[in-house]
Structures are given as C-alpha cells and as structure tokens.
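Spelled out from the first residue to the last, the chains are:
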Amino acid sequence: MRWYRRQNRNGQILISDIHCWGLAIDKDGDIYVSDIKEHLVRRWKIGDDYGTIVAGGHGQGNDLNQLDSPTYIFVDEDYSLYISDSGNDRVMKWMIDATEGIVVAGGNGRGNNLIQLCNPQGVSVNQLGEIFVADRGNDRVMRWYKGATQGIVVGGYGRGQESDQLNEPYDLAFDRQGNLYVADAHNCRVQKFEIDNDVKPRSAAVS
C-alpha cells in the first residue's frame, strides 16, 4: 500500500497477491518485497505490472541460489540486497543481477554462538559495510564487520526486561548520530542503544 503524505486517508494498492514481509526502496524509487511463502524477493520498478525476481526463486532451500522464509531486507547504494534468510539462520547478500547470493552473517547452523544466528529479522548496513542484525531467537542485536567470520553483540544480553536485555527483537533502525533503535516485540517497547565504534571484532576459528 502507498499513502501520500498530504492525502493519507485513502491508500493505493501497489502490489497484491503476495505474502509480503519485508519492504525496501532504493534511491531510484524501485520497491523490493520479500515473499515469505514463495521464498524469494521481487523488485517492482515504477510502472511495472509484474515484479522481477531478484533473489531466490529456486524453491525453498539452503543453496546459495535459494532462500527459506526471507523476512526483512535492506538495499544499499550499489543496489545490493541484504536479506534476513530466517529459515536458514543467515543473512545473504545478493548483488545486482546476481544468480546466487553470498552468506555475510550466520550460516553456521542455528545457535547462539558468535558465528551463528537464530531466526534473524531486521537488517541494516552502514556505509562501512557493517551489518547489523536483529537476532530474534537469541534476543540480541549482532554487528558483523565487513568480511568478519563472527559477529559481536551490540544490544541485548539475555532475554528479559532490563535496559540491556531484549525479548524477541524484530526490527532496527539508526538515527543520524548512529544510535541504534530496536523494536523489542515481546517487551512491547522500543529500546535505544549507543553503539561503541571503537570495539573491534576478535578472530574466530570456525570448525
């Protein structure tokens, strides 16, 4: 649906008959929508009647050309897509016109290790290529430096209601100062975390 800012009473249906979950818009105004039932992401250019599959589309699975229940998505300045591939407990990067994706976070099975994710949801990428993921099943937000083999926890230290805890975070966003805001779903609140940019990742041995 689209609502115009000054005429917000009647919405306009842009896309129908899709099991939509995540939504992103690139700098050209093209719309990207994840279809959690068909396990793919489609792009609609302005004036399109039918969307184009830009990620997944080869059935449900864990191969590099497949997705499993994709949820939130993020598109960067180079039109690369970052997709929370929730059923595969990983974040995938699909570059423009790519036929398969690259695992950029998680992808080492479901778990709470620093090399793992559990049902990832909201995803955002900053100008340095650092990936932030709402790791819903682990009640935390993870930061994955570009090219890192493991992430670090930047928000949420155990399930709970304390100021440093989360309970099934779903989405996240940043303000201009780089502060992190998290939709803390089961605590019915939005949490704010200050991000320490001086923290650097430790190396990890992946077995």
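Residues numbered from 1 in each chain as written. Predicted model: local features only at pLDDT ≥ 70, side-chain atom pairs only at ≥ 80, totals over all residues. Heavy atoms only, no water.

Chemist: Tell me about the overall build of the chain, and please be specific about residues and values.
Modeler: Per the secondary structure count, the chain includes zero helices and 17 strands. Its C-alpha atoms give the chain a radius of gyration of 17 Å, near enough to 17 Å, the size a compact globule of 207 residues would have. Referenced to the eigenvectors of the C-alpha coordinate spread, the extents of the chain come out at roughly 45 × 40 × 30 Å. Split into buried and exposed, the 207 residues of the chain put 46% on the buried side. For the chain, contacts bridging at least 24 residues in sequence account for 38% of all contacts bridging at least 6. Total accessible area on the chain is roughly 11800 Å²; 45% of this is exposed by carbon and sulfur atoms. Separation of charge centres in the chain, based on 22 positive and 29 negative side chains, amounts to 4 Å. (Helix = DSSP H or I, 4+ residues; strand = E, 2+ residues; numbered from the N terminus. Rg over C-alpha atoms; globule rule 2.2 N^0.38 Å. Buried < 20%, exposed > 50% of the residue type's maximum accessible area, 1.4 Å probe, protein only. Contact = heavy atoms within 4.5 Å. Areas by Shrake-Rupley, 256 points an atom, 1.4 Å probe, with all protein chains shown as cover. Lys, Arg positive; Asp, Glu negative; His and termini not counted. Charge placed at Lys NZ, Arg CZ, Asp CG, Glu CD.)

Chemist: Can you break down the sheet that holds strand S12 (residues 131-135) residue by residue, with the values?
Modeler: The strand order across the open sheet formed by four strands is S11-S12-S13-S14, and the pairing between neighbours is antiparallel. Two strands lie at the open edges of the sheet, namely strand S11 (120-125) and strand S14 (152-155), each paired on one side alone. The average undirected angle you get between the axes of adjacent strands in this sheet is 30°. Where S12 meets strand S13 (residues 140-144), five bridges bridge the pair, whose relative direction is antiparallel. Across the sheet, the residue bridging to phenylalanine 132 is arginine 143, located in S13. (Pairing = 2+ DSSP bridges. Axes fitted to C-alpha atoms, helices over the stretch in contact; angles between N-to-C directions.)

Chemist: Before we move on, can you summarise the sheet that holds strand S15 (residues 169-174) with the specific residues and values?
Modeler: Sheet strands associate in pairs through backbone hydrogen bonding, adopting either a parallel or an antiparallel arrangement. Strand order in the open sheet formed by three strands is S15-S16-S17, with antiparallel pairing between adjacent strands. Looking at the sheet topology across the chains shown, the edges are occupied by S15 and strand S17 (189-193). Strand-to-strand, the axes of this sheet are offset by a mean angle of 25°, without reference to chain direction.

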